[in-house]
Amino acid sequence: MGDLLFTHLHSLMATLLEKIKLLEGLLNGSIAYRGPFYVTIDITRRCNLHCLGCPYHSTEISNVSPHKPGPMDLSTDLVKRLCGELKGIGTSSLVLQGEGEPLLHSDIIDLILAAKTAGIRVTLLTNGTLLDQHLVREMIAAQLDILKVSLWASSPDQYQQNYLETNTESFNRVLDGLRLIARQ
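What comes next is a walk through the structure. (Residues numbered from 1 in each chain as written. Predicted model: local features only at pLDDT ≥ 70, side-chain atom pairs only at ≥ 80, totals over all residues. Heavy atoms only, no water.)

### Overview of helix α3 (residues 108-117)
Here's step 1: Taken residue by residue, α3 has I108, I109, L111, I112, A114 and A115 as its buried positions.
Here's step 2: Once α3 ends, the next one or two residues include G119, with phi positive near 80°. (Buried < 20%, exposed > 50% of the residue type's maximum accessible area, 1.4 Å probe, protein only. Helix = DSSP H or I, 4+ residues; strand = E, 2+ residues; numbered from the N terminus.)

### Some thoughts on the pattern of salt bridges
Side-chain pairing between opposite charges can occur once the charged atoms of the two side chains come close.
Here's step 1: Inspection of the entire model under this criterion finds 4 salt bridges.
Here's step 2: For D145, the salt bridge identified is with R121, shortest N-O distance 3.8 Å. On the criterion of sequence distance, the pair formed by D145 in the loop between α4 (133-141) and β5 (146-149) and R121 in strand β4 (residues 121-126) is long-range, its members being 24 residues apart.
Here's step 3: Taking the shortest distance from any N to any O, the salt bridge between D176 and R179 comes out at 2.8 Å. One end of the pair is D176 and the other is R179, both in helix α6 (residues 168-183) and 3 residues apart, which spans about a single turn.
Here's step 4: Residue R179 is classed as partly exposed on the basis of its relative accessible area of 43%. (Salt bridge = Lys/Arg side-chain N within 4 Å of Asp/Glu carboxyl O.)

Have a look at this one:
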């Protein structure tokens, strides 16, 4: 119990010192003496859903943001380099998301591992439709810190209304994936 309390207090003090460094630079008008606390990166533009309110993939929004030319996925090497640089400037947390579904990135586990190797906490945002036993085990083994599943429905009928061009089976897959995580 004492070790856990010490660890928690140490973490709080480290965070407080980081915030003081940032504030010091802002107040004296020079530079921030540390990097951002967290960084969010879009790792893919590909998606397997057409969510009603999505500005990138909805079939119901007339001004859907067009995709810019270039690769659909951020390169694994670029993310690895970025993780090293982020650690060097004191960034402690990385959020992996996308204009699409991050679990479609073929190297998603390698991206998580790159951040974890750099000592960075990782949050992953997903629509949950691709969570299966193998992927859940890999995410746990990679020590993913936080998994956020976006689910705009509480029933299969609501799911079909909010996730266009899909069926109730997709809703059930999300629930099955969440159950897999809960059992781990």
